[in-house]
Amino acid sequence: MAFLRSFSTQQQQQQQPANPLIDKKGFYVPSGTVGGSAMPYKSGWDIERGIKNALDRVTWVYKSVYAISANAASLPIGLRKGDWRIGELTWDAPILDILNRQTNPGQDAFSFRFMLSSQVLLSSKGAFIEVIRNRMGDVAALVLLQPQYVYPIPDAEKFVSGFSVEYPKTPKRIIPAEDVLW
(Lines give C-alpha, C1' and ligand atoms only; values in the text may rest on other atoms or scores of the structure.)
Protein backbone atom coordinates (compact mmCIF):
# COMPACT_ATOMS: atom_id res chain seq x y z
CA MET A 1 0.00 0.00 0.00
CA ALA A 2 2.83 2.40 0.80
CA PHE A 3 4.18 1.89 -2.72
CA LEU A 4 0.80 2.78 -4.27
CA ARG A 5 0.48 5.92 -2.11
CA SER A 6 3.96 7.15 -3.04
CA PHE A 7 3.38 6.31 -6.71
CA SER A 8 0.07 8.24 -6.81
CA THR A 9 1.70 11.20 -5.04
CA GLN A 10 4.46 11.27 -7.67
CA GLN A 11 1.87 11.20 -10.46
CA GLN A 12 -0.06 14.09 -8.89
CA GLN A 13 3.09 16.19 -8.58
CA GLN A 14 3.96 15.60 -12.23
CA GLN A 15 0.47 16.55 -13.41
CA GLN A 16 0.34 19.87 -11.52
CA PRO A 17 1.44 22.91 -13.52
CA ALA A 18 4.49 24.84 -12.41
CA ASN A 19 3.81 27.61 -9.92
CA PRO A 20 3.88 30.93 -11.84
CA LEU A 21 4.85 32.78 -8.64
CA ILE A 22 8.17 30.93 -8.35
CA ASP A 23 11.00 31.97 -10.68
CA LYS A 24 13.65 29.67 -12.17
CA LYS A 25 15.89 30.09 -9.11
CA GLY A 26 13.09 29.00 -6.73
CA PHE A 27 12.40 32.46 -5.29
CA TYR A 28 8.94 33.97 -4.81
CA VAL A 29 8.06 36.55 -7.45
CA PRO A 30 5.14 38.93 -6.81
CA SER A 31 2.21 38.32 -9.14
CA GLY A 32 2.71 41.47 -11.20
CA THR A 33 6.22 40.68 -12.45
CA VAL A 34 5.69 37.31 -14.13
CA GLY A 35 5.98 37.67 -17.88
CA GLY A 36 7.97 40.90 -17.81
CA SER A 37 5.12 43.37 -17.20
CA ALA A 38 4.91 44.99 -13.78
CA MET A 39 1.37 45.44 -12.51
CA PRO A 40 0.50 46.98 -9.15
CA TYR A 41 -0.27 44.48 -6.39
CA LYS A 42 -3.87 44.84 -5.20
CA SER A 43 -5.32 43.18 -2.12
CA GLY A 44 -8.95 42.77 -1.12
CA TRP A 45 -8.34 43.93 2.46
CA ASP A 46 -8.06 47.67 3.05
CA ILE A 47 -8.57 50.15 5.85
CA GLU A 48 -12.23 50.71 4.93
CA ARG A 49 -12.91 47.02 5.44
CA GLY A 50 -11.11 47.16 8.78
CA ILE A 51 -13.30 50.06 9.84
CA LYS A 52 -16.51 48.31 8.71
CA ASN A 53 -15.63 44.92 10.23
CA ALA A 54 -13.94 46.10 13.41
CA LEU A 55 -14.47 49.70 14.43
CA ASP A 56 -18.15 49.92 13.53
CA ARG A 57 -19.07 46.57 15.07
CA VAL A 58 -16.98 46.42 18.23
CA THR A 59 -16.68 49.47 20.45
CA TRP A 60 -13.62 48.08 22.23
CA VAL A 61 -11.65 47.87 18.99
CA TYR A 62 -12.32 51.57 18.40
CA LYS A 63 -11.33 52.40 21.96
CA SER A 64 -8.11 50.38 21.81
CA VAL A 65 -7.05 51.83 18.43
CA TYR A 66 -7.81 55.33 19.72
CA ALA A 67 -5.86 54.79 22.96
CA ILE A 68 -2.80 53.30 21.25
CA SER A 69 -2.75 55.98 18.55
CA ALA A 70 -3.21 58.86 21.00
CA ASN A 71 -0.41 57.58 23.26
CA ALA A 72 1.94 57.04 20.33
CA ALA A 73 1.19 60.49 18.91
CA SER A 74 1.80 62.23 22.23
CA LEU A 75 5.43 61.05 22.41
CA PRO A 76 8.02 63.43 20.93
CA ILE A 77 10.46 62.01 18.39
CA GLY A 78 14.19 62.41 18.99
CA LEU A 79 17.32 61.14 17.28
CA ARG A 80 20.31 59.43 18.82
CA LYS A 81 23.85 59.77 17.51
CA GLY A 82 25.69 56.49 17.10
CA ASP A 83 24.04 53.64 18.99
CA TRP A 84 20.23 53.87 18.92
CA ARG A 85 19.89 52.75 22.54
CA ILE A 86 22.63 54.59 24.41
CA GLY A 87 23.77 57.23 21.93
CA GLU A 88 23.58 60.93 22.69
CA LEU A 89 20.05 62.30 22.18
CA THR A 90 19.86 65.24 19.78
CA TRP A 91 16.99 67.63 19.08
CA ASP A 92 18.55 69.87 16.42
CA ALA A 93 18.12 67.81 13.23
CA PRO A 94 15.91 69.47 10.57
CA ILE A 95 13.74 66.36 10.19
CA LEU A 96 12.69 66.69 13.85
CA ASP A 97 10.94 70.00 13.12
CA ILE A 98 8.81 68.13 10.59
CA LEU A 99 8.15 65.13 12.86
CA ASN A 100 7.45 67.14 16.04
CA ARG A 101 5.84 70.39 14.85
CA GLN A 102 4.39 70.69 11.36
CA THR A 103 4.49 67.63 9.07
CA ASN A 104 2.98 69.37 6.06
CA PRO A 105 1.12 72.66 5.44
CA GLY A 106 -2.27 71.07 6.16
CA GLN A 107 -1.44 68.90 9.16
CA ASP A 108 0.38 69.23 12.45
CA ALA A 109 2.71 66.53 13.74
CA PHE A 110 0.36 65.18 16.43
CA SER A 111 -2.50 64.46 14.01
CA PHE A 112 -0.03 62.99 11.48
CA ARG A 113 1.40 60.57 14.06
CA PHE A 114 -2.12 59.73 15.32
CA MET A 115 -3.33 58.87 11.81
CA LEU A 116 -0.12 56.96 11.07
CA SER A 117 -0.55 54.79 14.18
CA SER A 118 -4.22 54.17 13.32
CA GLN A 119 -3.35 53.10 9.78
CA VAL A 120 -0.63 50.76 10.98
CA LEU A 121 -3.09 49.11 13.37
CA LEU A 122 -6.00 48.82 10.92
CA SER A 123 -4.47 48.28 7.48
CA SER A 124 -3.04 44.93 6.45
CA LYS A 125 -0.95 46.70 3.80
CA GLY A 126 0.62 49.01 6.35
CA ALA A 127 1.06 52.75 6.01
CA PHE A 128 2.45 54.78 3.13
CA ILE A 129 4.15 58.15 3.64
CA GLU A 130 5.05 60.30 0.64
CA VAL A 131 8.26 62.27 1.16
CA ILE A 132 8.12 65.75 -0.41
CA ARG A 133 11.57 67.21 -1.03
CA ASN A 134 12.67 70.79 -1.65
CA ARG A 135 14.97 71.88 -4.49
CA MET A 136 18.06 70.97 -2.47
CA GLY A 137 16.80 67.41 -1.94
CA ASP A 138 16.05 67.84 1.77
CA VAL A 139 12.78 66.63 3.26
CA ALA A 140 10.28 69.50 3.21
CA ALA A 141 7.08 67.66 4.17
CA LEU A 142 5.58 64.23 4.83
CA VAL A 143 2.15 63.30 3.47
CA LEU A 144 0.24 60.28 4.71
CA LEU A 145 -1.36 58.39 1.82
CA GLN A 146 -4.56 56.39 2.19
CA PRO A 147 -3.52 52.70 2.00
CA GLN A 148 -6.65 51.58 0.14
CA TYR A 149 -5.61 53.72 -2.85
CA VAL A 150 -1.87 52.89 -2.90
CA TYR A 151 -0.60 49.80 -4.72
CA PRO A 152 3.05 48.69 -4.73
CA ILE A 153 4.44 47.93 -8.18
CA PRO A 154 6.59 44.79 -7.80
CA ASP A 155 10.01 44.54 -9.35
CA ALA A 156 12.16 41.41 -9.58
CA GLU A 157 15.39 43.39 -9.13
CA LYS A 158 14.52 46.11 -6.57
CA PHE A 159 11.50 44.39 -4.89
CA VAL A 160 9.34 47.52 -5.48
CA SER A 161 9.88 49.87 -8.41
CA GLY A 162 7.25 52.41 -7.36
CA PHE A 163 3.78 52.94 -6.02
CA SER A 164 0.61 53.49 -8.01
CA VAL A 165 -1.68 56.01 -6.32
CA GLU A 166 -5.25 55.73 -7.60
CA TYR A 167 -7.57 58.07 -5.71
CA PRO A 168 -11.17 58.10 -6.97
CA LYS A 169 -12.00 60.73 -9.61
CA THR A 170 -8.35 61.75 -10.00
CA PRO A 171 -5.78 60.62 -12.54
CA LYS A 172 -3.54 57.75 -11.50
CA ARG A 173 0.02 58.73 -10.62
CA ILE A 174 3.17 56.70 -10.08
CA ILE A 175 5.48 57.68 -7.22
CA PRO A 176 9.08 56.37 -7.31
CA ALA A 177 9.94 53.92 -4.54
CA GLU A 178 12.57 56.23 -3.03
CA ASP A 179 9.90 58.90 -2.36
CA VAL A 180 7.60 56.63 -0.33
CA LEU A 181 8.16 55.23 3.15
CA TRP A 182 6.20 51.99 3.55
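As a starting point, this report considers the structure included with it. (Residues numbered from 1 in each chain as written. Predicted model: local features only at pLDDT ≥ 70, side-chain atom pairs only at ≥ 80, totals over all residues. Heavy atoms only, no water.)

1. Notes on the overall build of the chain
At step 1: Within the chain, the regular secondary structure consists of five helices and ten strands.
At step 2: Per-residue burial over the chain gives 30% buried out of 182 residues.
At step 3: Considering only contacts in the chain between residues 6 or more positions apart, those separated by 24 or more positions represent 43%.
At step 4: Total accessible area computed for the chain in this model is approximately 12,700 Å², and 58% of it derives from carbon and sulfur atoms. (Helix = DSSP H or I, 4+ residues; strand = E, 2+ residues; numbered from the N terminus. Buried < 20%, exposed > 50% of the residue type's maximum accessible area, 1.4 Å probe, protein only. Contact = heavy atoms within 4.5 Å. Areas by Shrake-Rupley, 256 points an atom, 1.4 Å probe, with all protein chains shown as cover.)

2. Some points on the sheet that holds strand E5 (residues 128-133)
Sheet strands associate in pairs through backbone hydrogen bonding, adopting either a parallel or an antiparallel arrangement.
At step 1: Pairing is antiparallel in the open sheet, where three strands are placed in the order E6-E5-E10. The outermost strands of the open sheet, each flanked by one partner alone, are strand E6 (139-145) and strand E10 (180-181).
At step 2: Each of E5 and E6 is contacted by helix H5 (residues 109-122), which is oriented at about 40° to E6, the strand it contacts most. (Pairing = 2+ DSSP bridges. Axes fitted to C-alpha atoms, helices over the stretch in contact; angles between N-to-C directions.)

3. A closer look at the nonpolar core
At step 1: The biggest cluster of nonpolar side chains holds eight residues, and these are Phe128, Leu145, Val150, Val160, Phe163, Val165, Ile175 and Val180.
At step 2: Per element, the largest residue contribution to this core is three residues, and it comes from strand E8 (residues 159-165).
At step 3: Sequence-distant contacts of Val165, defined by excluding residues within four places in its chain, comprise Leu145, Tyr149, Val150, Pro171, Lys172, Arg173 and Ile175.
At step 4: Within the second largest apolar cluster, seven residues are counted, among which are Leu99, Phe112, Ile129 and Leu142. (Core = buried A, V, L, I, M, F, W, Y, C linked by side-chain atoms within 4.5 Å.)

4. Details of the sheet that holds strand E7 (residues 150-155)
At step 1: The strand order across the open sheet formed by three strands is E7-E8-E9, and the pairing between neighbours is antiparallel. Across the chains shown, the open sheet's two edge strands, defined by having one partner strand only, are E7 and strand E9 (173-176). Looking at each pair of strands side by side, their axes are set apart by 30° on average, direction ignored.
At step 2: Here E8 runs beside E9; their pairing, made up of four bridges, is antiparallel. Bridging across to E9, Gly162 finds its partner in Pro176.

5. Some details on the packing of helix H3 (residues 59-74) against H5
At step 1: Relative to each other, H3 and H5 sit at 140°, their axes nearing to 8 Å. The pairing of H3 with H5 is recorded here as oblique in orientation. Crossing of H3 over H5 shows right-handed handedness. In contact with Val65, Tyr66, Ile68, Ser69, Ala70, Ala72, Ala73 and Ser74 of H3, H5 contributes Phe110, Arg113, Phe114, Ser117, Ser118, Leu121 and Leu122.
At step 2: Grouping the constituent residues of the contact of H3 with H5 by class yields ten nonpolar, four polar and one charged. (Parallel < 35°, antiparallel > 145°, perpendicular 65-115°, else oblique. Left-handed = near helix turned anticlockwise from the far one by under 90°. Nonpolar A, V, L, I, M, F, W, Y, C, P; charged D, E, K, R; others polar.)

6. Notes on H3
At step 1: Given a rise of 1.5 Å per residue, 16 residues ought to cover 22 Å, and the 23 Å separating the end C-alpha atoms of H3 matches this to within 8%.
At step 2: Turning to H3, its buried residues are Val65, Ser69, Ala70 and Ala73. Taken around the axis of H3, the buried residues stretch over an arc of 125°, which confines them to a single face. H3 presents Trp60 and Asn71 as exposed residues on the side facing more than 90 degrees away from its buried surface.
At step 3: For H3, the secondary structure elements touched by its buried residues are H5. (Expected span 1.5 Å × (residues − 1). Arc of directions from axis to C-beta.)

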